[in-house]
Amino acid sequence: QVQLAESGGGLVQAGGSLRLSCAASGSIFRLENMAWYRQAPGKQRELVAAITRGYNTNYADSVKGRFTISRDNAKNTVYLQMNSLKPEDTAVYYCNAVIESFTTTSSDYWGQGTQVTVSS
């Protein structure tokens, strides 16, 4: 079994910062691409940022220059540093990872989500 556990969400004022973490655990053989998605009320889930195992990154235009995705392969963890937060960043943030376990081929896994609320 593989699980993703997110932490770091909360309530912050506009202009503030938060750091999200997502740790993968279980029978992990190889952690491949990792990403953060978000879903605001009444909207579709959207990609916020992604990072490959080789540390290549890409970002949604709306967060470029404000958010930074990083990963620690030794800890099977991905981070999202969010600076200069805006009210429109308010959403549930989900961690996503492509993981090859010792018992299965590469599969897609999702965290349970963490709420980020930015007040104006």
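Here the structure is shown first, and the text comes after it.
Parameters and conventions
- Residue positions are given per chain, counting from 1 as you read along its sequence in written order.
- Given that this is a predicted model, residues contribute local features only at a pLDDT of at least 70 and side-chain atom pairs are listed and counted only at 80 or more, while totals for whole chains, interfaces and linings are drawn from all residues.
- The side-chain numbers reported here are obtained from all heavy atoms of the structure, hydrogens and water having been left aside.
- Categorising residues by exposure relies on relative accessible area from a 1.4 Å probe, with only protein chains included: less than 20% of the type maximum marks a residue as buried, more than 50% marks it as exposed, and the intermediate range marks it as partly exposed.
- Here a helix means four or more residues in a row that DSSP labels H or I, a strand means two or more in a row labelled E, and each is numbered from the N terminus.
- What makes two strands pair is DSSP finding at least two bridges between them.
- Contact between two residues is taken to exist if any of their heavy atoms lie within 4.5 Å; hydrogens are not considered.

A. Seen up close, the pairing of strand S9 (residues 91–101). The buried fraction of S9 amounts to eight of the eleven residues, a majority that puts the element mostly inside the structure. Pairing of S9 with strand S11 (residues 114–119), which is carried by three bridges, proceeds in the antiparallel orientation. Bridging from a neighbouring strand, Ala91 pairs with Val116 of S11. Taken together, the four bridges between S9 and strand S10 (residues 107–110) define a ladder with antiparallel strand orientation. Residue Ala97 lies in a different strand from S10, and its bridge partner there is Tyr109. As consecutive antiparallel partners, S9 and S10 are separated by five residues.

B. Just the environment of Val48, in detail. Following the sequence through the fold, Val48 ends up in strand S5 (residues 46–51). Taking the C-alpha atoms as reference points, Val48 and Ala74, 26 residues apart in sequence, are found 23 Å from one another. Apart from residues no more than four positions distant in its own chain, Val48 is found in contact with Trp36, Tyr37, Arg38, Asn58, Tyr59, Ala60, Val63, Phe67, Leu80 and Tyr93.

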